[in-house]
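Structural characterization, general
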Number of protein chains: 2
Amino acid sequence: MCETCGCQTIHHHTSHRRVVDVFEGLLDANNAQAEANRRHIEAMGAVAINMISGPGSGKTTLLEKTIDLLKTRLRIGVIEGDIETELDADRIRAKGVPVVQLTTGGACHLDAPLIHQGIHSLERQLNGRGLDLLFIENVGNLVCPATFDLGEHRRVVLVSVPEGSDKPTKYPKAFMSSHAFIITKKDVLPYFDFSLEKAEIEALKLNPKLSVISLSAFTGEGLDAWVSYLRSLENRGRP
Amino acid sequence: MCETCGCQTIHHHTSHRRVVDVFEGLLDANNAQAEANRRHIEAMGAVAINMISGPGSGKTTLLEKTIDLLKTRLRIGVIEGDIETELDADRIRAKGVPVVQLTTGGACHLDAPLIHQGIHSLERQLNGRGLDLLFIENVGNLVCPATFDLGEHRRVVLVSVPEGSDKPTKYPKAFMSSHAFIITKKDVLPYFDFSLEKAEIEALKLNPKLSVISLSAFTGEGLDAWVSYLRSLENRGRP
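What comes next is a walk through the structure. All figures in this text were calculated on a predicted structure; none of them were measured in a lab.

Focus on the sheet that holds strand E1 (residues 47–52) of chain A
The strands making up a sheet associate through backbone hydrogen bonding, with each pair oriented either parallel or antiparallel. Residue and element names in this part refer to chain A. As summarised here, the arrangement of the seven strands in space is E3-E2-E4-E1-E5-E6-E7, forming an open sheet in which the pairing is parallel. Unpaired on one side and paired on the other, strand E3 (99–103) and strand E7 (211–214) mark the two borders of the sheet. Sheet twist, expressed as the mean angle between neighbouring strand axes with direction ignored, is 20 degrees. Here E1 runs beside strand E4 (residues 133–137); their pairing, made up of five bridges, is parallel. Paired with Asn 50 across the two strands is Ile 136, which belongs to E4. Packed on one face of the sheet, helix H8 (residues 223–233) meets E1, E4, strand E5 (154–160), strand E6 (180–184) and E7 and runs near 145 degrees to E7.

Below, the structure is given as structure tokens:
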């Protein structure tokens, strides 16, 4: 009988332990590659931002607006992560900036080796031109991406108003490991039971150093604070 | 040099292959336990429904309304899956039905061994009373839960209107493996660029057998179709 849960079989715990061992090896390899990615991105003169959220929180829409606001002043590149499809890369490409689509083929998050390939693809598109900001849009998932350092300089977690203000408490790791917390779709606040104050307080309990910005990419409210945040990072990665 | 991606190291691919091997072993163990769970649930006379969605799509709210509508006619039990917190179980408990909270402690999905424990906890609460419907609310994640059979009889995937109608295309596995697709938060359609028709067509392309129901737990619109769907399952699991 299994001592952990009292059931008649122990196979799942044995398997689980093996997975944990192998997973830790994989994480070590990921973290080594992430450090290499970070140096690589810095050598390009850029700062990398890893954007994490659940599906449909508005990462791509925020990126589209950000590119509109900043592309004449900063050289922006984007790595798009999705399980399937080039839908998001097509939207970013329409904005006229270099973009690489990475599809994970089922996997629930980007990892540093994939980003390594993405950086090389992006460099081929840049063809010697420099880069100031590299946005990495992770797979829509508020859980797994929080575990994987990609080599970014800043991690940004997004929650949209329709998702509810209990999300920091329920998905703590994304908030504990991020630098900024962006509350999106602020324009629909009147239609949802969402408390900006509660979301901010709960997030800051998990991570007092979080920058918290609420905005609507649709109306433009709050985008000035987001742009200021990005501009404050601008020179950070330069060699 | 690595043959797969052309980089100088192969460690990540080696690690990845080991994870795939171990993961397949884990899945086999999960599936065996899932079959045992299914027989266990059927022996209780119940039908189990596994609810999958991203964070904040409205799984718990739909469950609250479903319990209000059905609890005088059917004996309902709930297993709540979350990474952390008892928030969702507290909401269900307030409705006066037996509920078990499973916290995964970081893991991004429920698995069959955890559900096995959950069933035993639920049976202790039932203390000999029967059960007609067992709802299993998975962790808020549209990716990983799609891979894990829990022993359910029906899998239901939810997408809320604010998330966008491109979600079936971007997260295909959840739709391919489900029996029903519920579009939630229909009352906010006027405020979002969401096409019910597109979402339905894309989902049915992936899985022509899906039952598609759009509803608002807030206004009650569409709940009749959802209740009919549940009542059609009612006698399925009885021995």
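Looking at the relation of the copies chain A and chain B
Of the transformation superimposing chain A on chain B, the axial component is 0.0 Å and the angular component is 180 degrees, with the fit at an RMSD of 0.0 Å. When the rotation and shift are considered jointly, the pair of chain copies conforms to a two-fold rotation axis.

A look at the interface of chain A and chain B
Accessible area lost during the coming together of the parts is what is often quoted as the interface size. Counting residues at the interface gives 47 residues for chain A, matched by 47 residues for chain B. For the side of chain A that touches chain B, the elements supplying multiple residues, two or more each, are helix H1 (11–43), helix H4 (112–126), helix H5 (167–170) and helix H6 (172–176) of chain A. Per-element accounting of the side of chain A that touches chain B gives the leading share, twelve residues, to H1 of chain A. Residue composition of the side of chain A that touches chain B, by class: 21 nonpolar, 17 polar and nine charged.

Quick notes on unusual backbone geometry
Glycine aside, residues mostly have negative phi, and peptide bonds are mostly found in the trans state. A positive phi angle, close to 60 degrees, is found at Lys 185 of chain A, a residue other than glycine. Along the polypeptide, Lys 185 of chain A turns up in the loop between E6 and helix H7 (196–206).

Structural notes on the pairing of E7 of chain A
Residues and elements named next belong to chain A. Looking at chain direction, E6 and E7 are connected through four bridges and run parallel. Looking across to E7, one finds that Phe 181 is bridged to Val 212. Once the chain exits E6 it traverses H7 before rejoining the sheet at E7, and the crossover so formed is right-handed.

Notes on the nonpolar core
Counting 124 residues, the largest nonpolar core has Ile 136 of chain A together with Ile 136 of chain B as its most contacted members. Among all residues touching Ile 136 of chain A, those that are not within four sequence positions of it are Ala 48, Ile 49, Asn 50, Met 51, Ile 79, Gly 81, Leu 110, Ile 115, Leu 150 and Glu 152 of chain A.

Considering the environment of Leu 189 of chain A
Residues and elements named next belong to chain A. As for its position among the elements, Leu 189 is in the loop between E6 and H7. Leu 189 sits in the partly exposed class, given 16 other C-beta atoms within 10 Å. Residues Leu 189 and Pro 162, 27 residues apart in the sequence, show an inter-C-alpha distance of 8.0 Å. In this structure, Leu 189 is in contact with Val 161 and Phe 194, ignoring residues within four places of it in sequence.

What to know about the sheet that holds strand E2 (residues 76–82) of chain B
All names here are of chain B. In space, the seven strands of this open sheet follow the order E3-E2-E4-E1-E5-E6-E7, with parallel pairing throughout. Single-partner strands in this sheet number two, and they are strand E3 (99–103) and strand E7 (211–214). Going across the sheet, the axis of each strand differs from the next one's by a mean of 20 degrees, ignoring polarity. One ladder, built from five bridges, connects strand E5 (residues 154–160) with strand E6 (residues 180–184); its direction is parallel. Bridging from a neighbouring strand, Ser 160 pairs with Thr 184 of E6. Along the sheet, helix H8 (residues 223–233) makes contact with strand E1 (47–52), strand E4 (133–137), E5, E6 and E7, crossing E7 at roughly 145 degrees.

Thresholds, definitions, all that
- Residues numbered from 1 in each chain as written.
- Chains lettered and ligands numbered in written order.
- Predicted model: local features only at pLDDT ≥ 70, side-chain atom pairs only at ≥ 80, totals over all residues.
- Pairing = 2+ DSSP bridges.
- Helix = DSSP H or I, 4+ residues; strand = E, 2+ residues; numbered from the N terminus.
- Axes fitted to C-alpha atoms, helices over the stretch in contact; angles between N-to-C directions.
- Contact = placed C-beta atoms within 7 Å.
- Least-squares fit on C-alpha atoms with pLDDT ≥ 70 in both.
- Nonpolar A, V, L, I, M, F, W, Y, C, P; charged D, E, K, R; others polar.
- Right-handed = clockwise from strand over helix to strand, strands pointing away.
- Core = buried A, V, L, I, M, F, W, Y, C linked by C-beta atoms within 7 Å.
- Buried ≥ 20, exposed ≤ 12 C-beta atoms within 10 Å, placed from the backbone.

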